[in-house]
Amino acid sequence: MHHRLLLRRRGAMPLPSPPQPAPRTPGVAGGRLFASLPSPPPLQSRREVHVWYLCPDELNDHSQLDMYKELLSPSERKNALAMNGPRLQKDAMLSRALLRTTLSRYTDAKIDPRSFEFKKNKFGKPEILWQSDGSSMEWPLHFNISHTSSLIACGIAMDTLIGIDVEEKKRKTVKNILSLARRYFTPSEVDYLAKISDSDAQQKEFIKLWTLKEAYVKALGRGFSGAPFNRFSNQLETNNRIQISKAAKVCNDSDSGCDYLSENWRFALAGLNSSYYMAVCIEDNSRGSENGSVPLGLKVWKTIPFIEDTLVSGTDAVKLIT
Amino acid sequence: MAHSLAAAASFSPPAARRRPPSQVTNAISSRGLVSFNSQRMSFVSIRSRPSQLRFKICCSAKKETVDKVCMIVKSQLALPDGTTVTGESKFSELGADSLDTVEIVMGLEEEFNITVDETSAQDIATVQDAANLIEKLVLEKAA
């Protein structure tokens with residue numbers, strides 16, 4: 001499903017001139033520019049996650065990049081420029097542009113991408129800051145961003161905590177896989193990896209586990225120390241469900257550090273474009289017999305904001321592993 | 001994927017946590033043992049009754065330690081030749097993601113024969129922070 005937004009082909013016609021700076025007030029209607037960010041199908045439920053990603057290496061048109069830069073707040077621009085080198089600077093800028101444009105889509109284009117403001121929770125996890133003066137609308141949107149050097153993804157969920165992690169399948173670690181696992185993973189996960197004799201397969205399983213654990217920690221939003229990797233296990237069960245459980249012997253009831261490592265989390269793991277693994281994690285507080293039996297609904301789009309969006313889930317580009 | 005080592009993540013640590021590397025906090029108890037590193041007056045070690053008076057030390061690590069950290073970081077991140085990495089370099093700005101971060105921490109643990117717990121690792125924003133923590137841990141181990 002393609003949206004040909006602006007009905008222009010790249011290279012054939014000049015892009016629209018960058019938008020005039022808009023007041024940075026959340027809730028103020030953005031007007032005409034944001035008609036070019038079509039509203040996606042809404043998030044149907046708390047169990048649905050939408051992921052929008054872009055590939056920085058494909059975005060090299062200067063006027064396009066300038067247009068994205070205009071969306072950033074002054075401090076975001078400053079942070080992007082502080083990165084080491086033009087490539088990292090571009091990625092940092094695109095990451096913020098992706099976030100802002102994605103969020104805007106879920107407000108029926110009522111909120112200008114430039115208008116969003118952000119705050120950090122006490123552990124440093126970014127969240128949307130809605131003005132509390134009663135004048136603006138609010139949407140219960142939660143987001144999380146993940147970077148690899150070749151892809152930046154933004155996950156969106158409604159009314160529930162979300163974490164996302166993307167990694168290249170072939171990512172080579174400097175350290176030996178089992179050493180890393182022994183240092184950071186649980187004993188059961190180390191055993192699982194140790195039984196894999198083929199080193200490529202072992203490396204892939206490591207990356208899968210890594211992205212799952214990362215997605216959980218990011219959803220939890222307490223930072224790496226808030227949920228040390230060796231205190232919880234992600235098990236790929238035979239029926240392809242991912243179960244998260246506290247690592248035995250590491251987490252006893254008396255250990256208050258593990259209190260919030262709850263098991264009310266839902267995961268999805270997918271292969272993306274045959275080059276990446278993507279793990280998504282959301283909190284799931286539903287109770288009852290359906291808990292765990294209804295999979296997390298995942299929709300994925302590749303985007304070039306304001307230019308083109310392509311739904312890739314439901315095609316070969318997204319292969320659900322769980 | 002990025003997190004940990006403070007701002008190596010999609011979020012960076014609260015600003016209040018950053019400590020200027022040159023700050024030295026001295027506290028002496030009546031039963032203190034004080035030792036000095038003659039090189040740059042960089043290290044004051046204090047031992048007092050563990051259960052009560054325990055003071056946090058923030059001070060500049062030796063240049064040698066900082067250099068070793070820079071070397072480990074450069075090799076982990078495969079930074080292009082000529083990339084400057086100094087004590088002030090922030091891990092997040094060097095493009096370290098979370099997997100890089102844990103590998104760097106493991107590299108530091110191996111090099112200095114220490115164990116870095118996750119809470120301490122999370123406070124590290126710069127190379128200098130890492131070097132300071134390493135020296136603190138080395139000292140605690142030796143004591």
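These numbers were taken from a predicted model, which means no experiment stands behind them.

K.L.:
Give a detailed account of the overall build of chain A, specifying residues and quantitative values.
P.N.:
When helices and strands are tallied, chain A shows six helices and 14 strands. Classification of the 322 residues of chain A by burial places 53% in the buried group. Considering only intrachain contacts with a sequence separation of at least 6, the fraction spanning at least 24 residues in chain A is 65%. Surface exposure of chain A reaches about 14400 Å², of which carbon and sulfur atoms provide 50%.

K.L.:
Tell me about the nonpolar core, and please be specific about residues and values.
P.N.:
Within the largest apolar cluster, 58 residues are counted, with the highest numbers of intra-cluster contacts made by Tyr184(A), Phe185(A), Leu193(A), Phe206(A), Tyr216(A), Val69(B) and Leu108(B). Elements with a contribution of two residues or more to this core: helix 4 (177–184), helix 5 (187–194), helix 6 (199–220), strand 10 (265–272) and strand 11 (276–283) of chain A together with helix 1 (63–77), helix 2 (98–112) and helix 4 (127–142) of chain B. At 10 residues, helix 6 of chain A tops the list of elements feeding residues into this core. Residues contacting Leu108(B), with those up to four places away along its chain left out, are Val69(B), Ile72(B), Asn113(B), Ile114(B), Ala130(B) and Ile134(B). By size, the runner-up hydrophobic cluster in this structure holds 35 residues, among which are Leu37(A), Leu65(A), Leu99(A) and Ile307(A).

K.L.:
An account of the pairing of strand 11 of chain A is requested, with residue identities and associated values reported.
P.N.:
All names here are of chain A. Counted residue by residue, strand 11 has seven buried out of eight residues, so it is predominantly covered. The pairing of strand 7 (residues 162–168) with strand 11 spans seven bridges and is classified as antiparallel. If you follow glycine 163 over to strand 11, its bridge partner there is cysteine 281. Looking at chain direction, strand 10 and strand 11 are connected through eight bridges and run antiparallel. Bridging across to strand 11, alanine 268 finds its partner in valine 280. The antiparallel hairpin formed by strand 10 and strand 11 contains three residues in its connecting segment, where asparagine 273 sits at a positive phi of about 55°.

K.L.:
Describe the environment of Thr315(A), listing the residues and the values that go with them.
P.N.:
Its place among the elements puts Thr315(A) in the loop between strand 13 (308–311) and strand 14 (318–320). Judged by relative accessible area, Thr315(A) falls into the partly exposed class, the value being 38%.

K.L.:
Just give me the short version of helix 2 of chain B, but keep the residues and values in it.
P.N.:
Residue and element names in this part refer to chain B. Spanning 15 residues, helix 2 covers 21 Å between terminal C-alpha atoms, matching the ideal 21 Å at 1.5 Å per step. Across the 15 residues that make up helix 2, a large majority, 13, are buried. With a side-chain oxygen positioned 3.2 Å from the backbone nitrogen of leucine 99, the residue opening helix 2 is aspartate 97. Just past helix 2, the residue asparagine 113 takes up positive phi, approximately 55°.

K.L.:
Lay out the interface of chain A and chain B with the relevant residues and their values.
P.N.:
Taken together, the 36 residues of chain A in the interface contact 31 residues of chain B. Summing both sides of the interface, chain A and chain B together bury roughly 2700 Å²; the carbon and sulfur share of this comes to 56%. It is Lys175(A), Arg183(A) and Phe224(A) that lose the most area in chain A upon contact with chain B, and together they represent 20% of the buried surface on that side. Where chain A meets chain B, there are four salt bridges. In this assembly, chain A and chain B are joined by 10 residue pairs in polar contact (both at pLDDT 80 or more). For the side of chain A that touches chain B, the element with the most residues is helix 6 of chain A, which contributes five residues. Of the residues that constitute the side of chain A that touches chain B, the class distribution is 16 nonpolar, nine polar and 11 charged.

Here is what the cut-offs are and how they apply
- Residues numbered from 1 in each chain as written.
- Chains lettered and ligands numbered in written order.
- Predicted model: local features only at pLDDT ≥ 70, side-chain atom pairs only at ≥ 80, totals over all residues.
- Heavy atoms only, no water.
- Helix = DSSP H or I, 4+ residues; strand = E, 2+ residues; numbered from the N terminus.
- Buried < 20%, exposed > 50% of the residue type's maximum accessible area, 1.4 Å probe, protein only.
- Contact = heavy atoms within 4.5 Å.
- Areas by Shrake-Rupley, 256 points an atom, 1.4 Å probe, with all protein chains shown as cover.
- Core = buried A, V, L, I, M, F, W, Y, C linked by side-chain atoms within 4.5 Å.
- Pairing = 2+ DSSP bridges.
- Expected span 1.5 Å × (residues − 1).
- Polar contact = N/O pair within 3.5 Å; in protein donor to acceptor, adjacent residues only side chain to side chain.
- Buried area = accessible area lost by both parts, 1.4 Å probe.
- Salt bridge = Lys/Arg side-chain N within 4 Å of Asp/Glu carboxyl O.
- Nonpolar A, V, L, I, M, F, W, Y, C, P; charged D, E, K, R; others polar.

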